[in-house]
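# What the coordinates show
Single-letter residue listing:
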Amino acid sequence: MVMSKIWKFLIGKGSAIAYAIITAIFTIVPEDCFKIIKVCDKWSETVNVLIVRLIACVIIFVLANVGYCIYKKKRKKVTIAGNNFTIQIEYGDLFDCKDGKIVIDFDECFTTTVGDNPADIKPDSVCGQYLTKRPVDNMPQLIENAGVKTERGKSQYNNQDRYAPGTIVPNGDYLLMAFAKLDQNGLGHLTYDEYIECLNTLWEQIDLRHGTSGVYIPILGSKITRFDKDLTQQELLDIMVSSYRLSPKKMKKPYKLHIVCKEREDFSINDVFGVD
């Protein structure tokens, strides 16, 4: 573990910047400039130049890495670019995003009741905030207009119609998505495999319905969804990024998938796999 961290540090982005600066300095700066400083009069000129060069390397190496660490701590977004696709992960408020479609995750029945009862949409959830700001009174009509079909069988909760996780129902600039499956008490559950299947369906739906806009999406399942595995917000984000990268259905450039998240002590966009 220690050796891997040391190796990562030596080949990291900050070190790469340091190596580039050192190479440029040693290429451009004349040899005589290194002879001006004498570390020790007893040493030969060659040794003094060598020591000065080494000191310069250490100083540049330290400054470049410290500077890059400060930059990483301060940055609010990171970008992962691939073959004709872009994922941008950013801190912010999902509802402040104005230049694209916004994904809002509901449960499998597209419940629209906001409250504190077990089966209600929680007011502080993304869905709860959306319904509080923009109440949806015509959900059945929206579903019908989208041509979305119900799943076989009924939901465990109140025998309601249910929809496949990842299914999208457009509503203006918002893409309303079926997500967690409901148990008999109306609580949201997903297995790990169901989560992966949901993401695969979601990417297909976004590819179909994003039009000429990028798409903003929260980290799905990071609050009250119950999984069969203990998954942190960091792990859920990594799963989403990996799933999108592997999916054959992606928005082509210049359109981006934006994953919007809140800053937390136990979470960092810098720790996402594939981010420098």
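Residues numbered from 1 in each chain as written. Predicted model: local features only at pLDDT ≥ 70, side-chain atom pairs only at ≥ 80, totals over all residues. Heavy atoms only, no water.

### A word on helix α7 (residues 192-209)
An ideal rise of 1.5 Å per residue puts 26 Å on 18 residues; α7 measures up with 26 Å between its terminal C-alpha atoms. Taken together, the buried positions of α7 are occupied by Tyr-195, Cys-198, Leu-199, Leu-202, Trp-203, Gln-205 and Ile-206. (Helix = DSSP H or I, 4+ residues; strand = E, 2+ residues; numbered from the N terminus. Expected span 1.5 Å × (residues − 1). Buried < 20%, exposed > 50% of the residue type's maximum accessible area, 1.4 Å probe, protein only.)

### A word on the pattern of salt bridges
Counted according to the given criterion, the structure contains 6 salt bridges. Of the charged contacts in the structure, one is a salt bridge between Asp-161 and Lys-154, with a shortest N-O distance of 2.3 Å. Owing to a relative accessible area of 37%, Asp-161 belongs among the partly exposed residues under this scheme. Note that Glu-194 is salt-bridged to Lys-181, the shortest N-O span being 3.1 Å. You can see Glu-194 sitting in helix α7 and its partner Lys-181 sitting in strand β5 (residues 174-182), a full 13 residues away along the chain. Within this structure, Asp-32, Lys-35 and Glu-45 form a network of salt bridges that share partners. (Salt bridge = Lys/Arg side-chain N within 4 Å of Asp/Glu carboxyl O.)

### Overview of the nonpolar core
Counting 39 residues, the largest nonpolar core has Ile-89, Tyr-195 and Ile-259 as the members making the most contacts within it. Every element with two or more residues in this core is listed here: β1 (77-82), β2 (85-91), β5, α7, β7 (214-218), α8 (233-246) and β9 (257-261). Look past the residues within four positions of Tyr-195 in its chain and what remains in contact with it is Phe-179, Leu-190, Leu-220, Phe-227, Leu-236, Ile-239 and Met-240. Formed by 24 residues, the second largest nonpolar core is a distinct cluster that contains Leu-94, Phe-95, Phe-110 and Tyr-163. (Core = buried A, V, L, I, M, F, W, Y, C linked by side-chain atoms within 4.5 Å. Contact = heavy atoms within 4.5 Å.)

### Overview of the packing of aromatic side chains
The full count for this structure, using the stated rule, is 12 aromatic pairs. Here the aromatic rings of Trp-203 and Tyr-244 are separated by 5.0 Å at their centres, their planes lie at 80°, and the arrangement is edge-to-face. Taken together, the residues span a long stretch of sequence, with Trp-203 in helix α7 and Tyr-244 in helix α8 at a distance of 41 residues. Judged by relative accessible area, Trp-203 falls into the buried class, the value being 1%. In this structure Tyr-244 comes out as buried when scored by relative accessible area, which is 1%. Among the aromatic residues, ring-to-ring pairing joins Phe-106, Phe-110, Tyr-130, Tyr-163 and Tyr-174 into one connected group. One Lys or Arg, Lys-229, reaches over the ring of Tyr-192 and ends 4.3 Å from the middle of that ring. (Phe/Tyr/Trp six-rings, centres within 6.5 Å; stacked < 30°, edge-to-face > 60°. Lys NZ or Arg CZ within 6 Å of the ring centre and 35° of its normal.)

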